[in-house]
Amino acid sequence: MQVKQITPFIGVEISGVGYEDLERPEVWQEVVNGVQLHELVVVRGIELTPQQQIELAGRLGRPVPFVISKYRHPEFEEIMISSNELKDGKPIGVARVGNFWHQDSSFTAAPPPYTMLHGLNVPSTSGHTKFANAADVYDRLPEEWKARLADRIGVHTVAKRLRIRPEHVGLSVAEFKAVIDIEHPKVEHPLICKDEFTGREYVYGSREYMDSVVGFDLNENEEFFALLDSLIHDEEHVYTHVWTPNDLVIWKTRTAYHVATEVEPGVGRTVYRVSIETADAEVGPVEEKVQ
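Residues numbered from 1 in each chain as written. Predicted model: local features only at pLDDT ≥ 70, side-chain atom pairs only at ≥ 80, totals over all residues. Heavy atoms only, no water.

### Some details on the sheet that holds strand β10 (residues 153-156)
Taken in spatial order, the 3 strands of this open sheet run β11-β10-β14, and their pairing is antiparallel. Each end of this open sheet is capped by a strand with a single partner; those strands are β11 (187-190) and β14 (210-213). Going from strand to strand, the sheet's axes swing by 30° on average, the running direction of each strand aside. As judged from the 4 bridges shared by β10 and β11, these two strands associate in the antiparallel manner. When the sheet's bridge partners are listed, Ile-153 is paired in β11 with Pro-190. (Pairing = 2+ DSSP bridges. Helix = DSSP H or I, 4+ residues; strand = E, 2+ residues; numbered from the N terminus. Axes fitted to C-alpha atoms, helices over the stretch in contact; angles between N-to-C directions.)

### Quick look at the sheet that holds strand β9 (residues 129-133)
Adjacent strands of a sheet form backbone hydrogen bonds with each other and so pair up, either parallel or antiparallel. Strand order in the open sheet made by the 3 strands is β15-β9-β17, with antiparallel pairing throughout. Each edge of the open sheet carries a strand with a single partner, namely β15 (239-241) and β17 (256-260). Averaged over neighbouring strand pairs, the angle between their axes works out to 25° when direction is ignored. Here 3 bridges tie β9 to β15, and the two strands are oriented antiparallel to one another. Each bridged residue has a counterpart across the sheet, and for Phe-131 the counterpart in β15 is Tyr-239.

### A short note on the confidence of the model for the protein
Of the residues in the protein, 87% reach a pLDDT of 70 or more, and the chain-wide mean stands at 90. Here residues 281-291 is modelled with pLDDT under 50, and outside its nearest four sequence neighbours on either side it reaches 47 contacts, counting other chains as well. (pLDDT = per-residue confidence, 0-100. Contact = heavy atoms within 4.5 Å.)

### Points about the pattern of salt bridges
The final tally for this structure, using the stated rule, is 18 salt bridges. A salt bridge links Asp-139 to Arg-200, with the shortest nitrogen-to-oxygen separation between them at 2.6 Å. Here the residue Asp-139 occupies a position in helix α4 (residues 134-139), and Arg-200 occupies one in the loop between β12 (192-194) and β13 (201-203), the gap between them amounting to 61 residues. On the basis of relative accessibility, which here comes to 41%, the residue Asp-139 falls in the partly exposed class. Ionic pairing is found between Glu-220 and Arg-148, a salt bridge with its closest N-O pair at 3.7 Å. Of this pair, Glu-220 sits in helix α7 (residues 218-232) while Arg-148 sits in helix α5 (residues 143-149), placing them 72 residues apart in sequence. Here Glu-220 falls in the partly exposed class, since its relative accessible area comes to 25%. Judged by its relative accessible area of 26%, Arg-148 is partly exposed. Here the salt bridges do not stand alone but share partners, grouping Lys-4, Glu-13, Arg-44 and Asp-247 into one network. (Salt bridge = Lys/Arg side-chain N within 4 Å of Asp/Glu carboxyl O. Buried < 20%, exposed > 50% of the residue type's maximum accessible area, 1.4 Å probe, protein only.)

### Here's the deal with the packing of aromatic side chains
Evaluated as defined, the whole model comprises 8 aromatic pairs. Measuring from centroid to centroid gives 5.3 Å for Phe-100 and Tyr-209, while their planes differ by 80°, and the two rings are edge-to-face. Of this pair, Phe-100 sits in the loop between β7 (90-91) and β8 (114-121) while Tyr-209 is found in the loop between β13 and β14, placing the two residues 109 residues apart along the sequence. Residue class for Tyr-209 comes out buried when judged on its relative accessible area of 1%. Judged by centre distance (5.4 Å) and plane angle (50°), the rings of Phe-224 and Phe-225 are tilted. (Phe/Tyr/Trp six-rings, centres within 6.5 Å; stacked < 30°, edge-to-face > 60°.)

Printed below as a string of structure tokens:
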């Protein structure tokens, strides 16, 4: 087994292990430590059955069934299939998801703390996943902004990423917004939080999953989002994961900003995704929005 830090700001890579190795407590602890202390772990080239992926996820917490049944694995409801591939002329999964910088499910009151992806059919030339550390983003905030954001509340929403469904056809803009507010009510989270494992402060929020900062006017909100975008997008502080077959990637949803890059035309890509609740949480479907 080889363990190395991927970048100074995020990520640990583990290689030379198989599923049987991860059943050994000392090896699995390397994975857990990597996630908790470095926000992201990449286990390179580990062959897993869907059942084995769920078993590993269950050692971090509770795998949560994906809310949209047609995108679930046909045998394992906890697995969401992210894929642009077809079977018998029909999509086998979600063709496009997460193509914007975000923290998973921040628009919900209690987001699952971990996400796990296993790459089945992954091109090396496109369809990468980029990561940034929300604690590193906080560290790079100007001091005046750290003071301005202290004790502020962020209003989170999925409204910016919702698609109009057939049942919405004919609604006015005002009516559609009213439906969104009823079906997907806004939630509030502290804008600056402290990580329970590292003790580091981090920014909790992103432009696409936030409505506003409580107490900011329109200009102040735009100024905040522009600054946040500039820090998250800074390539010197971004890790680009170039997938290789059977990579297993696990991250903390609150502190790992990420974005899926586009897949080049004519190239297939399939990844299995599992959201993981805390072990003592009440289990229910996790609702991720498809763009």
